[in-house]
Amino acid sequence: MKIASADVIVCSPGRNFVTLKLTTDDGIVGYGDATVNGRELAVVGYLREHLCPLLVGRDATRINDTWQYLYRGAYWRRGPITMASISAVDQALWDVNGKALGVPVYRLLGGQARDYLLTYPHCVGQTVEATVEAAAAKLDEGYQAIRVQAAVPGLATTYGVHVSKHGEDAAYEPAAGSLPEEEEWDTGRYLDFVPKLIKAVRDELGYGFALLHDSHHRLTPIEAGGLGKALEPYRMFWLEDTTPAEDQTAFRTIRAHTTTPLAVGEVFNTVWDFQTLITERLIDYVRMPVTHGGGISHLMRVLALADVYGVRSGAHGPSDISPVGMAANAHVGWVIPNFGIQEFMGYPELTGEVFKPSYELTNGLLRVSDAPGLGVEVDEEAAARYPYVARYLPVNRRQDGSMHDW
Ligand code: KDG
Ligand code: MG
């Protein structure tokens, strides 16, 4: 079975997605998600110009060898663009091989290890009261885990609580237009506010569910340690991305100050980004998703290392990872021993016109289907109706006008 063609589909059904389509000489089609929010066309260029020509004619059954060829064969390797591109190839090859054998990908990865995947949605509000209400509504729907974010008083904007045409939780839907939106940041106001928010959620709704919060890379290590300590009474499931993620040693300081569980890695893309964090037991959850982490093959390796150190999975699952990438996350979660939780933010309605996943989400529990491959159909005619829209993610400034991490 050889790869006969490699094509890239770029579409914007509610938001931008980049999808690699591989077709074999016997007509089997496999898909892989390569969406990097706000930098989509850089991945398209990497795929079209540099990877697709290498793929045509290759043996589609040699998934590991192709991965090594693309990774070791790239002298300028790693980074989100390269690793999302390699990931798309890897996902598409697993999809092809599952379809060729008539089995779901999870069967090829070792088989089912659990009956469902615990997921968490986003609960947001402009006030603490509105956020508690949003959280209560999700718990009423049957969710057992929720992430809460609320507007920080005194700031014009807060990460995670934008109001947009797709609803309140659209922080990750970049603004269409020529320049990034500018958000406002003040660490003091944030640190004063978050313990009050989390306390209100526990006081009003109790402790019978997993509670998560995302700091989105904005604190220093000592600030993060202090926040973790302040949140200890509220038994968080995790505190996410407290500090800028490129500094692994920051977690030594954070860990020394708090027992609140820590999650990191949604912007990571290789096992090397986790080496210190995992082997020194500095984190509790690996946030790297299939789409940005070199594919199913590479994420499985990272999670195998994590398992040795008692670290569990918690894959990134915002709406800027397509349903193909979400399905790939789910197949991995279905088979590994150290699954923790899966983020499932949800999609704009239009996305469903293009991507038809067969996984099912019921009462916050995600189940993969027995459809061959990854189990996601892509309607290419529908995709053509929604062309790419140039969009940036926001940037972040402190109140004195200087730049801060977004
Ligand atoms: O594109 C950026 C988003 O995916 C990111 O901001 C979402 O932090 C995020 C999360 O935890 O879902
Ligand atoms: Mg996050």
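All figures in this text were calculated on a predicted structure; none of them were measured in a lab.

In the structure shown here, the tally under the stated rule is 13 aromatic pairs. Where tryptophan 185 meets tyrosine 190, the ring centres are 5.0 Å apart and the plane angle is 45°; that geometry is what we call tilted. Each member of the pair, tryptophan 185 as well as tyrosine 190, is classed as buried. Ring geometry for phenylalanine 344 versus tyrosine 359: centroids 6.0 Å apart, planes at 85°, classification edge-to-face. Of this pair, phenylalanine 344 sits in the loop between strand 14 (341-343) and helix 12 (351-354) while tyrosine 359 sits in the loop between strand 15 (355-357) and strand 16 (360-362); the two residues are 15 residues apart in sequence, bridging distant segments of the chain. Pair check on accessibility: phenylalanine 344 and tyrosine 359 agree, each one buried.

Ligation of the magnesium ion (ligand 2) by protein atoms is provided by Asp214 (OD), Glu240 (OE) and Glu266 (OE), these donors lying 2.0 to 2.2 Å from the ion. Sequence positions of the donors to the magnesium ion (ligand 2) reduce to the motif D-x25-E-x25-E. Highlighted residues: aspartate 214 in strand 9 (residues 210-214) and glutamate 240 in strand 10 (residues 238-240), separated in sequence by 26 residues. Judged by its relative accessible area of 1%, aspartate 214 falls in the buried class.

Another aspect to go through is the packing of helix 6 (residues 187-205) against helix 7 (residues 221-231). Between helix 6 and helix 7, whose axes approach to 10 Å, the crossing angle comes to 20°. Considered as vectors, helix 6 and helix 7 are oriented roughly parallel to each other. In terms of crossing hand, the pair formed by helix 6 and helix 7 is right-handed. Along the contact surface, helix 6 presents Thr187, Tyr190, Leu191, Val194, Pro195 and Ile198, while helix 7 presents Glu223, Leu227, Ala230 and Leu231.

Let's shift gears to the packing of helix 3 (residues 80-101) against helix 10 (residues 295-308). Helix-helix packing: each pair is described by the crossing angle between the helix axes and the interaxial distance. For the pair helix 3 and helix 10, interaxial distance at closest approach is 6 Å and the crossing angle is 100°. Our classification of the angle between helix 3 and helix 10 gives roughly perpendicular. Together, Ser87, Asp90 and Trp94 of helix 3 and Gly295, Ile296 and Ser297 of helix 10 make up the contact between the two elements. Broken down by class, the residue content of the contact of helix 3 with helix 10 amounts to two nonpolar, three polar and one charged.

The residue lysine 229 is located in helix 7 in this model. With a relative accessible area of 48%, lysine 229 lands in the partly exposed category. The spatial distance from the C-alpha of lysine 229 to the C-alpha of threonine 259 is 7.1 Å, given a sequence separation of 30 residues.

Below, the discussion takes up the site of ligand 1. In the neighbourhood of ligand 1, 16 residues make up the surrounding shell, with Asn37, His216, Glu240, Glu266 and Glu343 lying closest. Histidine 216 places a side-chain nitrogen or oxygen 2.7 Å from an oxygen atom of ligand 1. At 2.9 Å, a side-chain N or O of aspartate 320 approaches an oxygen atom of ligand 1. Isolated, ligand 1 exposes 330 Å² of accessible area, and the fraction of that covered by the protein chains is 95%. Across the shell around ligand 1, the residue classes tally to five nonpolar, four polar and seven charged.

With that out of the way, let us pick up the environment of threonine 260. For threonine 260, the position within the fold is in the loop between helix 8 (250-257) and strand 11 (262-264). Taking the relative accessible area as the measure of exposure, threonine 260 reaches 2% and is therefore buried. Along the primary structure threonine 260 and tryptophan 238 are separated by 22 residues, whereas in three dimensions their C-alpha atoms are 6.6 Å apart. Sequence-distant contacts of threonine 260, that is, excluding residues within four places in its chain, are made with Gly228, Leu231, Glu232, Met236, Leu239 and Arg255. One polar contact links the side chain of threonine 260 to the main-chain carbonyl oxygen of glycine 228, over a distance of 2.7 Å.

Our focus in this paragraph is the nonpolar core. Counting 109 residues, the largest nonpolar core has Leu47, Val148, Phe274, Ile283, Val286 and Ile296 as its most contacted members. Ignoring sequence-local partners within four residues, the contact set of valine 286 consists of Val264, Phe274, Ile278, Val302, Leu303, Ala306, Val311, Arg312, Ser313, Gly314 and Ala315. Listed in part, the 11 residues of the second largest apolar core include Ala145, Leu212, Tyr285 and Ile341.

Moving on, we get to the pattern of salt bridges. Side chains that differ in charge, positive against negative, can pair when their charged atoms come close. As enumerated under the stated definition, the model contains 16 salt bridges in all. For the salt bridge of glutamate 182 with arginine 397, the shortest nitrogen-to-oxygen distance reads 2.6 Å. Residue glutamate 182 is found in strand 8 (residues 182-185), and its partner arginine 397 is found in strand 20 (residues 395-398); the two are separated by 215 residues along the sequence. You can call glutamate 182 partly exposed: its relative accessible area is 47%. Residues aspartate 186 and arginine 189 are paired through a salt bridge, measuring 3.8 Å at the closest nitrogen-oxygen approach. According to the relative accessible area criterion, aspartate 186 is partly exposed, its value standing at 22%. Its relative accessible area of 36% is what places arginine 189 among the partly exposed residues. One connected set of salt bridges, linked through shared partners, spans Glu240, Glu266, Arg287 and Glu343.

Moving on: unusual backbone geometry. In this structure, histidine 216 takes a positive phi of about 55° despite not being glycine. Position of histidine 216 relative to the elements: it lies in the loop between strand 9 and helix 7. The backbone phi angle of arginine 281 is positive, close to 50°, even though this residue is not glycine. Of note, arginine 281 is situated in the loop between helix 9 (275-279) and strand 12 (285-286). Using a relative accessible area of 47% as the deciding quantity, one classes arginine 281 as partly exposed.

Cut-off values and rules
Residues numbered from 1 in each chain as written. Chains lettered and ligands numbered in written order. Predicted model: local features only at pLDDT ≥ 70, side-chain atom pairs only at ≥ 80, totals over all residues. Heavy atoms only, no water. Phe/Tyr/Trp six-rings, centres within 6.5 Å; stacked < 30°, edge-to-face > 60°. Buried < 20%, exposed > 50% of the residue type's maximum accessible area, 1.4 Å probe, protein only. Helix = DSSP H or I, 4+ residues; strand = E, 2+ residues; numbered from the N terminus. Donors = N, O, S within 2.8 Å, 3.2 Å for Na, K, Ca; no water. Axes fitted to C-alpha atoms, helices over the stretch in contact; angles between N-to-C directions. Parallel < 35°, antiparallel > 145°, perpendicular 65-115°, else oblique. Left-handed = near helix turned anticlockwise from the far one by under 90°. Contact = heavy atoms within 4.5 Å. Nonpolar A, V, L, I, M, F, W, Y, C, P; charged D, E, K, R; others polar. Near = heavy atom within 4 Å. Polar contact = N/O pair within 3.5 Å; in protein donor to acceptor, adjacent residues only side chain to side chain. Areas by Shrake-Rupley, 256 points an atom, 1.4 Å probe, with all protein chains shown as cover. Core = buried A, V, L, I, M, F, W, Y, C linked by side-chain atoms within 4.5 Å. Salt bridge = Lys/Arg side-chain N within 4 Å of Asp/Glu carboxyl O.

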